[in-house]
Amino acid sequence: MVYTLSRVTRDARRVLDRNRDDSRVFGQHPVTLETDDAIRAAVVRAARQVEATAPMELLELKSALEEGVSVLWGPEAEGVWGGSIVLPPDFFRLGVLMMSDWERPLRETLETGSDEYKAQWSRFAGLRGTPQRPRAAVAPFAGGLRLEFRSCLSRDAEVERLDYVALPSVDEDGGVEISERCYSAVLYTIAGLVSADAGEADRGKNYLELAKSLLA
């Protein structure tokens, strides 16, 4: 959902004001100089922080197929193929990838520095991804990102589904896309960041803990 920056700023200010006097939870020395500029500056940082770790069921997904995708196939290895897909510029997290000859969709990606990622180029077929157990990783590529996946049974396989979480950012109209079910957590994260930046570490920590609890 797209929220105007002015609305997010107003709602985050309300969170800060509402809890200003609750010394039982937020300490006895509340921040008194939170400015709208400080809140606005924290919006994108907070949204990214929340949506980087939020459960996928709380997030809103976009389809990369709407803009069109193409597969760059790698060499064949023992009857299976791997490939890569250039990701949209606003890509943030993978939601789901499904190739036409896979038996199940892929929802988690490997870290590019992990042993399992390196094993995708192993000469031992049992270590590589398969249509029954696909594997993929997000890797830097030519100034952007690409999704490297293993494996398909032929180069005729097509991308049936590629959904992703868009990178939170402020658009030209002053709007920021935040998953609706994460909105409250983003507001408390903004409050936590603003408080910490103002030197109230304990107060900021309490806000951030509340934000995490809203995602549980």
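Before any of the text, the structure's been laid out above.
S.K.: Describe the environment of Cys182, with residues and values.
M.R.: By secondary structure assignment, the location of Cys182 is in the loop between β9 (175-177) and α5 (183-197). The class of Cys182 is buried, set by a relative accessible area of 0%. C-alpha of Cys182 to C-alpha of Val96: the two residues are 86 residues apart in sequence and 19 Å apart in space. Those residues within four positions of Cys182 in sequence are excluded, and the remaining contacts are Val50, Ala54, Leu58, Leu59 and Leu215.

S.K.: Go over the sheet that holds strand β2 (residues 62-63) with me, naming the residues and quoting the values.
M.R.: The 3 strands lie next to each other as β2-β8-β5, forming an open sheet whose pairing is antiparallel. With partners counted over all chains shown, the strands left at the sheet margins are β2 and β5 (91-99), one partner each. Inspection of the sheet shows β2 paired to strand β8 (residues 159-166) by 2 bridges, in the antiparallel sense. In the sheet register, Lys62 faces β8, and the bridge partner there is Tyr164. Of the strands in this sheet, β5 and β8 touch helix α3 (residues 36-53), which is tilted by about 30° from β5.

S.K.: Residues and numbers for α3, please.
M.R.: Taking 1.5 Å per residue, 18 residues should reach 26 Å; α3 reaches 26 Å between its end C-alpha atoms and fits that length. Residues of α3 that are buried: Ile39, Ala42, Val43, Val44, Ala46, Ala47, Val50 and Glu51. Where the residues of α3 are buried, they touch α1 (5-18), β5, β8, β9 and α5.

S.K.: Let's hear about the pairing of strand β3 (residues 71-77): which residues, and what values?
M.R.: A regular strand places its side chains on the two faces of the sheet in alternate fashion. As defined by bridge partners, β3 adjoins strand β4 (residues 80-86) across 5 bridges and the pair is classed as antiparallel. Across the sheet, the residue bridging to Glu76 is Trp81, located in β4. As consecutive antiparallel partners, β3 and β4 are separated by 2 residues, and within that stretch Glu78 has a phi angle of approximately 55°, a positive value.

Rules of the game
- Residues numbered from 1 in each chain as written.
- Predicted model: local features only at pLDDT ≥ 70, side-chain atom pairs only at ≥ 80, totals over all residues.
- Heavy atoms only, no water.
- Helix = DSSP H or I, 4+ residues; strand = E, 2+ residues; numbered from the N terminus.
- Buried < 20%, exposed > 50% of the residue type's maximum accessible area, 1.4 Å probe, protein only.
- Contact = heavy atoms within 4.5 Å.
- Pairing = 2+ DSSP bridges.
- Axes fitted to C-alpha atoms, helices over the stretch in contact; angles between N-to-C directions.
- Expected span 1.5 Å × (residues − 1).

Everything listed here is a matter of coordinates, which is why it stays silent on function.
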